Amino acid sequence: MKRIFRLALLLVLLITSIQYLAYSNVLDKSESDIKVTIIYDNYDFKDGLKSDWGFSCLIEFPDKTILFDTGARPGVFEKNLKALNIDPQSIDMVVVSHDHYDHTGGLSTFLELNNKVPVYILKSFSDKTKEIITENNAKIVCEHELTEISKNVFLSGELQGKIEEQSLAINTDKGLVVITGCSHPGINKILEHFKSSLNKDIYMVFGGFHLMRMNDEEIEQIITKMRSLGVQKCGATHCTGKKQIKQFKNAFGKNYVQMGVGNVVEF
Ligand SMILES: [Zn+2]
Ligand SMILES: [Zn+2]
């Protein structure tokens, strides 16, 4: 009899905890659908992670997970992945913005952990980078023009700069959220491209802006242009330049999106 009672109690406890888990899951989803975690960045944010020159972030949708860029040093990239409890197997696709070492560095290490992913690069990438993908038996995908790679997720296609680069845009109810690697083609050229191709305002933009040689006045002009494209929230990091990042912070105030390794942006 006692045993039956214990068993019944255990069953009730189990059902209650399952219900609680299901409920909390629903709550999480209603708060925010899309979550971006910064894996690799020049700037610190959270303890236990390593900052270093480079960029990488994880974009999580309810039904899909995308790795955007892979940082510079494989060891740092892998250490940060582990510290952030990111399971490489949970990643469905990889996007590499451009063929610079500080964005491709962790690619080989990642593909050794999960090669069942398409890797979106550009046709102009070096043979060396392409070989990293093919040697790991992963699939190369090159999109020349703007393409929807997953529902409401767009790649810009090839944009010309010091080096060809692609950026990613997510279509949300509030407008487009744009993520950039280094912005070598020019940050506003990238934003204008998405706005005109998708006929929608830019709501948020973050990543590397590559503006370290720009003076205060030039940054001011870039911010004014950004606002005219609809930008409400902005996070500048990686290769933007320390002084220039400060200027973005001041200009956007409470709408500035904090960057740094381990930070999470939800929208
Ligand atoms: Zn870079
Ligand atoms: Zn670069």
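Look a little higher up for the structure.
Notes on the structure follow. Quick caveat, the model's predicted, so the values are computed rather than measured.

**Digging into the sheet that holds strand β5 (residues 118–121)**
Strand order across the open sheet formed by seven strands is β6-β5-β4-β3-β2-β1-β13, with mixed pairing between neighbours. Either end of the sheet is taken by a strand with one partner, and the two such strands are β6 (139–142) and β13 (264–266). The mean inter-strand angle of the sheet, taken between neighbouring strand axes irrespective of direction, is 20 degrees. Both strand β1 (residues 35–40) and strand β2 (residues 56–60) contribute to a ladder of five bridges, which runs antiparallel.

**Some thoughts on the coordination of the zinc ion (ligand 2)**
The coordination sphere of the zinc ion (ligand 2) contains the protein donors His98 (NE2), His100 (ND1), Cys182 (SG) and His184 (NE2), at a distance range of 2.1 to 2.7 Å. For the zinc ion (ligand 2), the four donor atoms are set out with angles of 90 to 171 degrees between them, so the coordination reads as irregular. Read in sequence order, the donor residues for the zinc ion (ligand 2) give the motif H-x1-H-x81-C-x1-H. The metal-metal distance between the zinc ion (ligand 2) and the zinc ion (ligand 1) is 3.6 Å, with Cys182 serving as a donor to both. Within this pair, whereas His98 is found in the loop between β4 (93–95) and α3 (101–104), its partner Cys182 is found in the loop between β10 (175–180) and α6 (187–198), the two being separated by 84 residues in sequence. Assessed through its relative accessible area of 0%, His98 is described here as buried. Take Cys182: its relative accessible area is 3%, and that puts it in the buried class.

**A closer look at the coordination of the zinc ion (ligand 1)**
For the zinc ion (ligand 1), the full set of protein donor atoms is Asp102 (OD), His103 (NE2), Cys182 (SG) and His238 (NE2), at a range of 2.1 to 2.2 Å. Given four donor atoms and angles of 90 to 153 degrees at the metal, the environment of the zinc ion (ligand 1) is assigned as irregular. Of note, the donors binding the zinc ion (ligand 1) are all from one chain and are spaced D-H-x78-C-x55-H.

**Brief notes about the side chain of His238**
Tracing the backbone shows His238 in the loop between β12 (233–237) and α8 (242–252). Judged by its relative accessible area of 1%, His238 falls in the buried class. Side-chain polar atoms of His238 contact the side chain of Asp102, separated by 3.0 Å. Those residues within four positions of His238 in sequence are excluded, and the remaining contacts are Asp41, Asn42, Tyr43, Trp53, Gly54, Phe55, Asp102, His103, Gly181, Cys182 and Gly208.

**Quick notes on α6**
The terminal C-alpha atoms of α6, which comprises twelve residues, lie 17 Å apart, in line with the 16 Å expected from a rise of 1.5 Å per residue. Those residues of α6 not exposed but buried are Ile187, Asn188, Ile190, Leu191 and Phe194. Here the buried residues of α6 occupy an arc of 160 degrees about the axis, which is enough to place them on one side. After α6 finishes, the residue Asn199 shows a positive phi value of roughly 55 degrees.

**Topic: the pattern of salt bridges**
Overall, the coordinates contain five salt bridges when judged by the stated rule. The partner of Glu78 in a salt bridge is Lys82, with the nearest N and O atoms 4.0 Å apart. Here the residue Glu78 and the residue Lys82 both occupy positions in helix α2 (residues 74–83), the gap between them amounting to four residues, near one helical turn. Its relative accessible area of 28% is what places Glu78 among the partly exposed residues. Look at Lys82 and you get exposed, because its relative accessible area is 61%. With a closest N to O distance of 2.4 Å, Lys195 and Asp201 form a salt bridge. Residue classification places Lys195 among the partly exposed positions, given a relative accessible area of 25%. What makes Asp201 partly exposed here is its relative accessible area of 39%.

**Structural notes on the packing of aromatic side chains**
Considering all chains together, one arrives at two aromatic pairs under this definition. Geometrically, the ring pair formed by Phe55 and Phe68 is edge-to-face, given 6.5 Å between the ring centres and 75 degrees between the ring planes. Placement of the pair is Phe55 in the loop between β1 and β2 and Phe68 in strand β3 (residues 65–68), with a sequence separation of 13 residues. Classification of Phe55 as buried rests on a relative accessible area of 0%. Given a relative accessible area of 0%, Phe68 falls into the buried group.

**Regarding the state of the cysteines**
Within the structure shown, the criterion is met by zero disulfides. Cysteine Cys239 shares no disulfide, and the gap to the nearest cysteine sulfur, in Cys182, comes to 3.6 Å.

**What to know about the sheet that holds β12**
Taken in spatial order, the six strands make up an open sheet running β7-β8-β9-β10-β11-β12, and their pairing is mixed. Of all strands in the sheet, those bounded by a partner on one side alone are β7 (147–150) and β12. Adjacent strand axes in the sheet meet at a mean angle of 20 degrees, parallel and antiparallel pairs treated alike. Both strand β9 (residues 168–172) and β10 contribute to a ladder of five bridges, which runs antiparallel. If you follow Asn171 over to β10, its bridge partner there is Leu176.

Analysis parameters
- Residues numbered from 1 in each chain as written.
- Chains lettered and ligands numbered in written order.
- Predicted model: local features only at pLDDT ≥ 70, side-chain atom pairs only at ≥ 80, totals over all residues.
- Heavy atoms only, no water.
- Pairing = 2+ DSSP bridges.
- Helix = DSSP H or I, 4+ residues; strand = E, 2+ residues; numbered from the N terminus.
- Axes fitted to C-alpha atoms, helices over the stretch in contact; angles between N-to-C directions.
- Donors = N, O, S within 2.8 Å, 3.2 Å for Na, K, Ca; no water.
- Tetrahedral: all angles 85-135°; square planar, octahedral: opposite > 155°, others 65-115°.
- Buried < 20%, exposed > 50% of the residue type's maximum accessible area, 1.4 Å probe, protein only.
- Polar contact = N/O pair within 3.5 Å; in protein donor to acceptor, adjacent residues only side chain to side chain.
- Contact = heavy atoms within 4.5 Å.
- Expected span 1.5 Å × (residues − 1).
- Arc of directions from axis to C-beta.
- Salt bridge = Lys/Arg side-chain N within 4 Å of Asp/Glu carboxyl O.
- Phe/Tyr/Trp six-rings, centres within 6.5 Å; stacked < 30°, edge-to-face > 60°.
- Disulfide = S-S within 2.5 Å.

In short, geometric facts, not functional conclusions.
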